[in-house]
Amino acid sequence: ELKSFSLGIFGCCVTGLGVAPLWSLCVTGAGNLKGIDAAYALSVVNGVSYLALLSAPPVLGFIAEFTGSVWWIFSLDLIIALLCMPLGFCLPSGF
C-alpha cells in the first residue's frame with residue numbers, strides 16, 4: 001500500500017506542476033480583456049477559483065464513491081473537457 005500512496009502523492013505533485021501556470025494565465029488574460037474593467041474581471045476569476053477550491057473536493061469524492069476509485073480519473077478528464085469546450089466560443093478571436 002505504501003507504493004500506491006507514494007504513487008498518488010507523486011501524481012498530485014505532477015498535476016500541480018501542470019495546473020499551476022494556468023492561474024497566472026487566467027489572471028493575465030482577465031486583466032487584459034478589452035471592454036471589461038480589469039478589477040471586475042479579476043474579481044470574477046478569483047470568485048470562480050475560490051468556488052472551485054470549495055466545491056472540487058466534495059464533487060470528486062462523490063464521483064470516486066459512485067464510480068469506484070479508478071474510474072473517477074477518467075470522468076474528471078471528461079468533466080474538464082466538457083466545461084472547457086464552451087470557452088472557445090466565448091473568448092474573443094485574438095485571445
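Procedures and definitions
- Residues numbered from 1 in each chain as written.
- Predicted model: local features only at pLDDT ≥ 70, side-chain atom pairs only at ≥ 80, totals over all residues.
- Heavy atoms only, no water.
- Helix = DSSP H or I, 4+ residues; strand = E, 2+ residues; numbered from the N terminus.
- Areas by Shrake-Rupley, 256 points an atom, 1.4 Å probe, with all protein chains shown as cover.
- pLDDT = per-residue confidence, 0-100.
- Expected span 1.5 Å × (residues − 1).
- Buried < 20%, exposed > 50% of the residue type's maximum accessible area, 1.4 Å probe, protein only.

Further remarks concern the overall build of the chain. For the chain, the helix and strand inventory stands at four helices and zero strands. Written out in order from the N terminus, the α and β elements of the chain read α-α-α-α. Carbon together with sulfur atoms contributes 77% to the accessible area of the chain, which is approximately 7900 Å² in total.

Let's shift gears to the confidence of the model for the chain. As a note on interpretation, predicted positions should not be read in detail where pLDDT is low. Of the residues in the chain, 77% have a pLDDT of 70 or more, and the chain-wide mean is 76. Mean pLDDT across the elements of the chain ranges from a minimum in helix H4 (residues 87–90), with 66, to a maximum in helix H2 (residues 38–67), with 82.

The next point concerns H2. Turn by turn, an α-helix covers 3.6 residues, leaving residues three or four places apart pointing in a common direction. Compared with an ideal rise of 1.5 Å per residue, which puts 30 residues at 44 Å, H2 spans 41 Å between its outermost C-alpha atoms and is within 8% of the ideal. Those residues of H2 not exposed but buried are Ala41, Val45 and Ile63.

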